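What follows is the residue order along each chain.
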Amino acid sequence: MPGFQPKFIAIGGGRIMAFPERFLDELTERNDIVDVVSQYVRLTKKSGANLFGLCPFHSEKTPSFSVAPDKQIYHCFGCGKGGSVISFIMEIENLSFPEAVAFLANRAGMQLPEQSDDPGAKKRQRLLALNRDAARFFHAQLKTPAGQIARDYLARRQLTAQTVTRFGLGFAPDSWESLANAMRRKGYSDQEMFEAGLVKHGKSGGVYDAFRNRLMFPVIDVRGSVIGFSGRI
Ligand code: ZN
């Protein structure tokens, strides 16, 4: 959507260390390799139990890229690439191991385990959760009487309800504290909201909503996390 500048809120891509083996087992169980690969490669059954398709990692005209559902692995007889569903996502999405794990966890609706050896990770998770809750709040506002003005705007721009839902569009009401109050009720501190860029500090020391009377566009990263918002008056 042209015409506005996204406002990114950086949430560091800090290192996430070892994942518990049990977690990784569940992750691979809940991300069937055929389903995942099929989102990138058209697979057809060729021989036996294996599926074949054109390799996404090298250029070819006859399929030499195979997926073995029973072993949950892939292997290309052309370029030799192969591995698990996690290495497939690392390779095709150009992600590090922890990023690929986060990508697949998000895909399967799984919560990442707490990373006790990374003190920054818990804070980042809180901020991501806050952004997600804020996105839900803004989206819900679209359905309120106050959101009529935004609904009218979307209708004029001929944005369908499907688009609005798909991109998680929302509306920040014309109020100084409606988001802040809603997020406080969910247990977030003013400091966390400030760090997420959702509130600003007033002269008298309190905080007020940074986005008011705006259409809200969540900024979503490759892992499906809301990492910030851009607002449009
Ligand atoms: Zn290949």
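This one's a predicted model, so the numbers in the text were calculated from it and none came from an experiment.

Some remarks on unusual backbone geometry
Logical step 1: Of note in this structure, asparagine 94 is not a glycine but carries a positive phi near 55°.
Logical step 2: For asparagine 94, the position within the fold is in the loop between helix H3 (85-93) and helix H4 (97-107).
Logical step 3: Take asparagine 94: its relative accessible area is 70%, and that puts it in the exposed class.
Logical step 4: One non-glycine residue, asparagine 213, lies in positive phi territory at about 50°.
Logical step 5: Tracing the backbone shows asparagine 213 in the loop between strand E8 (207-209) and strand E9 (214-220).

Thoughts on helix H1 (residues 21-30)
Logical step 1: All of the buried residues along H1 are Phe23, Leu24 and Leu27. Along the long axis of H1, the arc covered by the buried residues comes to 95°, so they all point the same way. Relative to its buried face, H1 has exposed residues pointing more than 90 degrees away, namely Glu21, Arg22 and Glu29.
Logical step 2: Its buried side turned inward, H1 meets H3 and H4.

Observations concerning the packing of aromatic side chains
Logical step 1: Applying the stated rule across the entire model yields 14 aromatic pairs.
Logical step 2: Note on phenylalanine 65 and phenylalanine 88: the rings are 6.1 Å apart at their centroids and 50° apart in plane angle, and the pair reads as tilted. Of this pair, phenylalanine 65 sits in strand E3 (residues 65-68) while phenylalanine 88 is found in helix H3, placing the two residues 23 residues apart along the sequence. The same class applies to phenylalanine 65 as to phenylalanine 88, namely buried.
Logical step 3: Between the aromatic rings of phenylalanine 211 and phenylalanine 229, the centroid separation amounts to 6.5 Å while the plane-to-plane angle is 65°, which identifies the pairing as edge-to-face. Pair noted here: phenylalanine 211 is in the loop between E8 and E9 and phenylalanine 229 is in strand E10 (residues 226-232), with a separation of 18 residues, a long-range link.
Logical step 4: One aromatic cluster in this structure is built from Tyr40, Phe57, Phe65, Tyr74 and Phe88.

Some points on the coordination of the zinc ion
Logical step 1: Coordination of the zinc ion by the protein comes from Cys55 (SG), His58 (ND1), Cys76 (SG) and Cys79 (SG), over a distance range of 2.1 to 2.3 Å.
Logical step 2: Each of the four donor atoms around the zinc ion contributes to a set of angles spanning 101 to 119°, which defines the coordination as tetrahedral.
Logical step 3: All donors of the zinc ion come from a single chain, and their spacing in sequence reads C-x2-H-x17-C-x2-C. On the criterion of sequence distance, the pair formed by cysteine 55 in the loop between strand E2 (50-53) and E3 and cysteine 76 in strand E4 (residues 73-76) is long-range, its members being 21 residues apart. In terms of burial, cysteine 55 and cysteine 76 fall into one category: buried.

Topic: the nonpolar core
Logical step 1: One finds Leu27 and Phe65 to be the most contacted residues of the largest nonpolar core, which totals 29 residues.
Logical step 2: The set of elements that each furnish at least two residues to this core consists of H1, helix H2 (33-38), E3, E4, H3 and H4.
Logical step 3: Of all the elements, H4 adds the most residues to this core, at five residues.
Logical step 4: In this structure leucine 27 touches Ile86, Val101, Leu104, Ala105 and Met110, once residues within four positions along its chain are discounted.
Logical step 5: One finds Ala134, Phe137, Leu179 and Val199 within the second-largest nonpolar core, a separate group that totals 23 residues.

Comments concerning the packing of H1 against H4
Logical step 1: Where H1 contacts H4, the axes come no closer than 10 Å and their chain directions differ by 55°. Taken together, the axis directions place H1 and H4 in an arrangement best described as oblique. The crossing of H1 and H4 is left-handed. On the side of H1, the interface is formed by Phe23, Leu24, Leu27 and Arg30, while H4 contributes Phe97, Val101, Leu104, Ala105 and Arg107.

Analysis parameters
Residues numbered from 1 in each chain as written. Predicted model: local features only at pLDDT ≥ 70, side-chain atom pairs only at ≥ 80, totals over all residues. Heavy atoms only, no water. Helix = DSSP H or I, 4+ residues; strand = E, 2+ residues; numbered from the N terminus. Buried < 20%, exposed > 50% of the residue type's maximum accessible area, 1.4 Å probe, protein only. Arc of directions from axis to C-beta. Contact = heavy atoms within 4.5 Å. Phe/Tyr/Trp six-rings, centres within 6.5 Å; stacked < 30°, edge-to-face > 60°. Donors = N, O, S within 2.8 Å, 3.2 Å for Na, K, Ca; no water. Tetrahedral: all angles 85-135°; square planar, octahedral: opposite > 155°, others 65-115°. Core = buried A, V, L, I, M, F, W, Y, C linked by side-chain atoms within 4.5 Å. Axes fitted to C-alpha atoms, helices over the stretch in contact; angles between N-to-C directions. Parallel < 35°, antiparallel > 145°, perpendicular 65-115°, else oblique. Left-handed = near helix turned anticlockwise from the far one by under 90°.

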